[in-house]
Amino acid sequence: MQISQILRNLEVYEKDPTVEKDFTKGLNSLVKIKGKGKAFCAGGDVVGMVFTINEGHWSFGASFYKKQLTLDYMLATSRKPLVSLINGVVMGGGAGLSMSSMFRVVTENTVFAMPEAQIGLIPDVGASYFLSRLPGFFGVNETTDQV
């Protein structure tokens, strides 16, 4: 599903009085976010985005990231209870989608990555915030024990 469609759906849920603010009223009062198939969300095509920007089409990248960060903000500030059902691959922008939810359910099949860091980009989508707050050693550099 495209970012624009997820944004539209979330706006509908925010205004829908049948989606309760109190999740204790049952599972129908939760907004569930889940992937299709073997991945929760593999994120955007970061390399393709860099090439597009380097070719002079910077407005495409600006538009994409504006939508992505707006969606992440809406998820993080939603008045409705959101739960991310994370199974399979979750990378980059998908990490921002999943970590912004009020509740996160992660399976043993989950593979979590921020690959943009390997090509010299600063991880976005709130990664510097949520990685340092994940339980265990998830956000810690193994060699230095620092975030």
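Whatever comes next refers back to the structure up there.
What you see is a predicted model, and the numbers here were worked out from it, not measured in a lab.

I would appreciate a short explanation of the packing of helix α2 (residues 46-54) against helix α3 (residues 58-76) in the present structure.
Angle between the axes and distance between the axes: these two values describe a pair of packed helices. Axis separation between α2 and α3 bottoms out at 7 Å; the angle between their running directions is 140 degrees. The angle between the axes of α2 and α3 places the two elements in the oblique class. Residues Met49, Thr52 and Ile53 of α2 lie in contact with α3, whose contacting residues are Trp58, Phe60, Gly61, Phe64 and Tyr65. Split into classes, the residues belonging to the contact of α2 with α3 amount to 6 nonpolar, 2 polar and no charged.

Just to check I follow, could you spell out a nonpolar patch on the surface for this structure?
Together, Val47, Phe51, Ile119 and Leu121 make up a nonpolar patch on the protein surface, roughly 360 Å² of accessible area in all. Ile119 sits in the partly exposed class, given a relative accessible area of 46%.

Can you help me understand the nonpolar core in this one?
A general trend in soluble globular proteins is that nonpolar side chains are found buried together. Residues Leu71, Leu75, Phe112, Met114, Phe130 and Leu131 are the most contacted members of the largest nonpolar core, which totals 23 residues. Of all elements in the fold, only α1 (3-15), β1 (31-34), α3, β3 (82-86), α4 (93-99) and α5 (127-131) reach the threshold of two or more residues within this core. Residues within four places of Phe130 in sequence aside, it is in contact with Ala95, Gly96, Met99, Phe112 and Val125.

Which parts of the structure should I look at to understand the sheet that holds β1?
Either a parallel or an antiparallel arrangement is found when strands of a sheet pair, and the pairing is made through backbone hydrogen bonds. Strand order in the open sheet formed by 3 strands is β1-β3-β5, and the pairing between neighbours is parallel. Each edge of the open sheet carries a strand with a single partner, namely β1 and β5 (103-106). Recorded for the sheet is a direction-independent mean angle of 20 degrees between the axes of neighbouring strands. Bridging between β1 and β3 involves 4 bridges; their strand directions are parallel. Note that in β3 the partner of Ile33 across the bridge is Ser84.

Sorry, what's going on with the packing of aromatic side chains here?
Remark: the centre distance and the inter-plane angle together describe each pair of aromatic rings, the angle taken between the planes. Across all of its chains, the model carries 2 aromatic pairs by this definition. Between Phe64 and Tyr65 the ring centres are 5.2 Å apart and the planes differ by 85 degrees, which places this aromatic pair in the edge-to-face class. In this structure Tyr65 comes out as partly exposed when scored by relative accessible area, which is 25%. Aromatic side chains Phe112 and Phe130 sit 6.4 Å apart centroid to centroid with 85 degrees between the ring planes, which places their arrangement in the edge-to-face category. Within this pair, whereas Phe112 is found in strand β6 (residues 111-113), its partner Phe130 is found in helix α5, the two being separated by 18 residues in sequence. The buried category is assigned to Phe130, whose relative accessible area is 9%.

Even after reading the chapter, I still don't get the environment of Met99, so can you show me in this structure?
Note on placement: Met99 falls in helix α4. What makes Met99 buried here is its relative accessible area of 15%. The sequence separation of Met99 and Val125 amounts to 26 residues, and the corresponding C-alpha distance is 9.2 Å. Leaving out residues up to four positions away in the same chain, Met99 has contacts with Ile86, Arg104, Phe112, Phe130 and Leu134.

Criteria and cut-off values
- Residues numbered from 1 in each chain as written.
- Predicted model: local features only at pLDDT ≥ 70, side-chain atom pairs only at ≥ 80, totals over all residues.
- Heavy atoms only, no water.
- Axes fitted to C-alpha atoms, helices over the stretch in contact; angles between N-to-C directions.
- Helix = DSSP H or I, 4+ residues; strand = E, 2+ residues; numbered from the N terminus.
- Parallel < 35°, antiparallel > 145°, perpendicular 65-115°, else oblique.
- Contact = heavy atoms within 4.5 Å.
- Nonpolar A, V, L, I, M, F, W, Y, C, P; charged D, E, K, R; others polar.
- Patch = residues over 30% accessible without salt bridge, like charges linked within 9 Å, V, L, I, M, F, W, Y side chains within 5 Å.
- Areas by Shrake-Rupley, 256 points an atom, 1.4 Å probe, with all protein chains shown as cover.
- Salt bridge = Lys/Arg side-chain N within 4 Å of Asp/Glu carboxyl O.
- Buried < 20%, exposed > 50% of the residue type's maximum accessible area, 1.4 Å probe, protein only.
- Core = buried A, V, L, I, M, F, W, Y, C linked by side-chain atoms within 4.5 Å.
- Pairing = 2+ DSSP bridges.
- Phe/Tyr/Trp six-rings, centres within 6.5 Å; stacked < 30°, edge-to-face > 60°.

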